[in-house]
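Secondary and tertiary structure notes
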Amino acid sequence: MIADAFTAERIGAAWLRAALTPVSDFGRRAEDAATAAGPLDAASARERCAAIVRLAAALDPDGAGRARVALRTVPDPLAIVSRARAGDPLGDVDFYELGRFADALDAVAHAWVQAGGAADELPVASAVGTVLAPGRSGAGFYLADAFDPVLADARTTMAEADTRVERERTRLAEAIAEELGFVPAAEEFVIVREQHAGPLPHGVRVVRETPAYRLCTLERDMPALLAETERDGERRLLAAEEERVRRELADAIAREREAIVAAVARLGELDCALARVALVHRFGGCVPTFADDAFVLTEATFAPLAEALAGEGRTYTPLSIDLRGTAVLTGPNMGGKSAALALCGFVALCVAAGVPPPARAVTLPPIRRVAWIGGGDVDRVRLLSAFAAEVVRARDALAAPEFPALVLVDEYARTTGPREGRALLIALVEALAARAHTSAFVATHFDGVAEAARVAHLWVSGVAPAALDGIAAGDLSDALGALASAMDYRIVPAGPDVAAGSDAIALARILGLPAALVARASVIYER
Amino acid sequence: MNGALLAIALARGAPVIVVGSAKNVGKTVAFNALRAAADERGIAYGLTSIGRDGEPADALDGRDKPRVRIPPGSIVALPEELVPRSPALEILELGERSALGRMVFARARLAITCEIGGPPSARAVRATIDRLRALCAGAVFVDGAIDRVAALAGGADAIVVATGGASGATVERVAEIAGDLVARLQTPAYDPQRDGPAPLRIAGALDARLAEALLAGEPQTVVVADPTRIALRGRLFARLARHVAVRCERALHVVACTTSPDGPGGGLDPVALVRAVARATGLPTFDVLAGLRA
């Protein structure tokens, strides 16, 4: 899907991107790969949306949330597996991490099945757990004797050698204990000069001297030295055995590389899918139907706005829009015209991303470009006025290749004189209507644009005048709430007798403009 | 004798942090003496360091340092790069990331002598110590550093201050330095009931310039974040503490001192030193090598 930054911002692309952000590194990689692959073709998008809708129907929302939480905790084993594959030595921390990976896969599987997911859709790397099982009594990892009897023997032999060294040390210590007045218990011990001013007993070696102390060790005789030499040899043998077992474990892990890589890829897919499922659970979603000549939404929700309104305790009204080719949308101020345009772009964006659009039904062309014209501010990057900026955007939209595109025009030419502005808009609508593969939705307050350009005219139902009169001016928040309650946001074909005007004066009163000013405006308007 | 130091250190039922008043004042000797006393009594413990430690030689001056011997059953928190390959440790958990890799919580299955190191940030220090305590369900000993002890402020940890001949040329000077340090570290926590409702809160360090200004003003209560924010030494701090009530938001708990008479200029009198430091600090003081207590 091609949409420049301005358009993307208008149609909720950032919101959608945030909502689809995976919780795991695997998911982020999968999402990045999907983004790099470009937009889905119609068949793939439909298939993807159908799969998500099926999954959303199968999964319990709370359970799906728990599965996402479980996904977040899965450590990434790929770096470790790559090192094992390359023949690099792995350490016990690596095996611990791989064990965590195996545990985390189990946790994801449990959460997934609890949520109602099918077990055969789960990633599998059970061999990792099996390989490491002898070293895992709980969540930790130890290069346990159970991995290899030779390792167990090496540890036993070293323990025996240690015992012999300790026995020799005890023998030497006891031999000098009477002379020293104490039995040296540690490898190194201190003799305080004040307590032993004279020569040290035979068998004591000074390691370091200070004016107050002498740090000493026992002088080893031949049996003690032999015991230590033997112990040191056993230590080296144990170290070699430990490394051998680690190498074998690393080889076993390397042999599971394909399964681990596949499991990781599946985790990424699950993560991305669960993000989409979460959206469907929140806002609903349908499987889109593709048609070249229709952009028809039934009870569709512009999710970013719905979320924002919900945050303020207000309710979004799902919209149905029947847009075939090019249509002009008119209606009162604050009636949701811009939001209706944004909704069309958002739906196209969802479908391109394989997200079931939040609607009861959607039929649309396989949109590849969305362009938003108008409704903007000064272009500070290119130093263009608001008018210049939207003219340039219109120029660019018309110059773009005629592949399936959605052009959203929001109050184009509103910042210039109304006569010339209306003329420019009619000409733009005619040009858009003449383009192949283009759906265009044009919101405006200019009168007679649809009729002049001979395109469909849609209308926001709005508020009955009597209802508007009944809303008191006062607290802005209360006024907006009352207005939203009274407003009929439905978009319907405008009949020939559709009332002109934008309710601007009545709305200005409700929004708190001084009463005298509003009254004067009414007088001027009625003239 | 070292059993008495251990009993005092563990009396709070909290981790024990050993810090030195200067380099080469016997901090690691005191740390190891506490551990040896725990070993003798069969007390299981966990250990870690604030900052890198356990190297064969001091990183700054190259002098030999005592190695850290970890007995079987002990739990150690150390950075990943320092995890010895043999004999293997039992890896229990991973923690915060440090310059030397993630912090690893591991249990020694066989006795091992190795280098230990600490977590990278104040927050990680606290988290590491708390996790270590939960894992070992016993005593926790931390080879500390005076410049990183702020991370512990507000906790229940028991701090043992090691001091010795390397910090001063005479018994009197070593005792004065120890007394000054302990007085600052023991700065009481601010209590609105006792200290009044509207103290002067100092966001950064309480330094000499600020101290002069406070001395020129009315007596009041001054509150710093923690005792390590008091960047005053000697008589200036004593003067200030007499004029204003110096308090902190997060207090430290110093429970004992140790002394080492060795210094670059020769040895001090061990008995005189242990007594002088005890007098200057008002804390139980031990020479863990000579078996002295005052």
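Just so we're clear, the structure is a prediction, and the values are computed from it rather than from any experiment.

Turning our eyes to something else, we now look at the overall build of chain A. Summing up its helical and strand segments, chain A has 20 helices and 13 strands in all. Relative to the globule expectation of 24 Å for 527 residues, the C-alpha radius of gyration of chain A, 38 Å, shows a markedly less compact shape. Projected onto the principal axes, the alpha-carbon positions of chain A cover approximately 125 × 55 × 45 Å. Looking at chain A residue by residue over its 527 residues, the buried ones come to 40%. Of the contacts formed within chain A by residues at least 6 apart in sequence, a portion of 76% connects residues at least 24 apart.

Turning next to the overall build of chain B. For chain B, the count of helices and strands is eight helices and 17 strands. Over its C-alpha trace chain B gives a radius of gyration of 19 Å, about what one expects of a compact globule, namely 19 Å for 294 residues. The principal-axis extent of the C-alpha atoms belonging to chain B is close to 65 × 40 × 35 Å. For chain B, the proportion of its 294 residues judged to be buried stands at 50%.

All names here are of chain B. On average, residues of chain B score 88 in pLDDT, and 94% of them are at 70 or above. Within chain B, strand E13 (residues 253-260) carries the highest mean pLDDT (96), whereas strand E15 (residues 266-267) carries the lowest (78). Here residues 53-61 scores under 50 on pLDDT; set against residues more than four positions off or in separate chains, the count is 23 contacts. As scored by the predictor, the complex reaches a pTM of 0.79 and an ipTM of 0.84.

Moving on: the environment of B:Arg233. Topologically, B:Arg233 is positioned in the loop between strand E11 (221-224) and helix H7 (234-243). For the pair B:Arg233 and B:Ala11, spaced 222 residues apart in sequence, the C-alpha to C-alpha distance is 30 Å.

Let us look at the packing of helix H6 (residues 78-85) of chain A against helix H10 (residues 222-255) of chain A. Residue and element names in this part refer to chain A. Interaxial distance between H6 and H10 falls to 8 Å at its minimum, and their mutual angle equals 110 degrees. With respect to H10, the axis of H6 lies roughly perpendicular. In terms of crossing hand, the pair formed by H6 and H10 is left-handed. Together, Val81, Ala84 and Arg85 of H6 and Ala250, Ile253 and Ala254 of H10 make up the contact between the two elements. Residues that form the contact of H6 with H10 fall into these classes: five nonpolar, no polar and one charged.

For the rest of this paragraph, the subject is the sheet that holds strand E1 (residues 16-20) of chain B. What holds strands together in a sheet is hydrogen bonding between their backbones, with the strands either parallel or antiparallel. Residues and elements named next belong to chain B. On the basis of which strands lie adjacent, the open sheet formed by 10 strands has the order E5-E6-E4-E2-E8-E1-E9-E13-E16-E17 and mixed pairing. Each end of this open sheet is capped by a strand with a single partner; those strands are strand E5 (89-98) and strand E17 (292-293). Where strand E2 (residues 45-49) meets strand E4 (residues 75-79), two bridges bridge the pair, whose relative direction is parallel. In the sheet register, leucine 47 faces E4, and the bridge partner there is valine 76. Each of E1, E2, strand E8 (139-143), strand E9 (158-164) and E13 touches helix H2 (residues 27-40); the most contacted strand, E1, lies at about 155 degrees to it.

When two helices pack together, their arrangement is given by the angle between the helix axes and by the axis-to-axis distance. Residues and elements named next belong to chain A. Helix H7 (residues 92-114) packs onto helix H5 (residues 61-72) with a crossing angle of 170 degrees between their chain directions and a minimal axis gap of 8 Å. It follows from the interaxial angle that H5 and H7 lie roughly antiparallel. Here Gly63, Arg66, Ala67, Ala70 and Leu71 of H5 lie close against H7, whose contacting residues are Ala107, Val108, Ala111, Trp112 and Gln114. Across the contact of H5 with H7, the residue classes tally to seven nonpolar, two polar and one charged.

The next thing to look at is the interface of chain B and chain A. The interface is formed by 21 residues belonging to chain B together with 19 residues belonging to chain A. At the level of elements, E5 and E15 of chain B are the ones that each hand at least two residues to the side of chain B that touches chain A. Broken down by element, the side of chain B that touches chain A gets its largest block of residues, four residues, from E5(B). Of the residues belonging to the side of chain B that touches chain A, the class tally is 12 nonpolar, three polar and six charged.

What follows deals with the nonpolar core. Grouped together as the largest cluster of nonpolar side chains are 212 residues, with contacts concentrated most on A:Cys344, A:Val347, B:Val16, B:Leu34, B:Ile159 and B:Val160. Here this core takes 13 residues from helix H11 (residues 257-283) of chain A, the largest share from any one element. Sequence-distant contacts of B:Val16, defined by excluding residues within four places in its chain, comprise B:Ala9, B:Leu10, B:Leu34, B:Ala139, B:Val140, B:Phe141, B:Val142, B:Ala158 and B:Val160.

All names here are of chain A. The sheet built from three strands is open, its strands ordered E1-E3-E2 with antiparallel pairing. This sheet does not close on itself; its edge strands, each paired only once, are strand E1 (188-192) and strand E2 (204-209). When strand polarity is set aside, the average angle formed by the axes of neighbouring strands in this sheet is 40 degrees. Relative to strand E3 (residues 213-218), E1 is paired through five bridges, and the arrangement is antiparallel. Among the inter-strand pairings, valine 190 is bridged to a residue of E3, identified as leucine 215.

What follows covers the pairing of E11(B). All names here are of chain B. The alternating pattern of E11 places Val222 and Val224 on a buried face, while none of Thr221 and Val223, on the opposite face, is buried. In the classification by handedness, the crossover that spans strand E10 (residues 200-201), the intervening helix H6 (residues 208-215) and the parallel E11 is right-handed. Of the strand pairs in this sheet, E11 and strand E12 (residues 245-248) are connected by four bridges, and their pairing is parallel. Its bridge partner being in E12, valine 224 is matched across the sheet by cysteine 248.

All names here are of chain B. Split into domains, chain B comes out as domain 1 (2-181 + 252-293) and domain 2 (189-248). If you average the C-alpha positions of domain 1 and of domain 2, the two centres end up 29 Å apart. Residue-level contacts link five residues of domain 1 with six residues of domain 2. Per-class residue counts for the side of domain 1 that touches domain 2 are four nonpolar, no polar and one charged.

All right, on to the environment of B:Asp39 then. Examined against the element boundaries, B:Asp39 turns out to sit in helix H2. Each C-alpha atom, one on B:Asp39 and one on B:Ala111, is 12 Å from the other, the two residues being 72 residues apart in sequence.

Cut-off values and rules
- Residues numbered from 1 in each chain as written.
- Chains lettered and ligands numbered in written order.
- Predicted model: local features only at pLDDT ≥ 70, side-chain atom pairs only at ≥ 80, totals over all residues.
- Helix = DSSP H or I, 4+ residues; strand = E, 2+ residues; numbered from the N terminus.
- Rg over C-alpha atoms; globule rule 2.2 N^0.38 Å.
- Buried ≥ 20, exposed ≤ 12 C-beta atoms within 10 Å, placed from the backbone.
- Contact = placed C-beta atoms within 7 Å.
- pLDDT = per-residue confidence, 0-100.
- Axes fitted to C-alpha atoms, helices over the stretch in contact; angles between N-to-C directions.
- Parallel < 35°, antiparallel > 145°, perpendicular 65-115°, else oblique.
- Left-handed = near helix turned anticlockwise from the far one by under 90°.
- Nonpolar A, V, L, I, M, F, W, Y, C, P; charged D, E, K, R; others polar.
- Pairing = 2+ DSSP bridges.
- Core = buried A, V, L, I, M, F, W, Y, C linked by C-beta atoms within 7 Å.
- Right-handed = clockwise from strand over helix to strand, strands pointing away.
- Domains from an automatic or database assignment.

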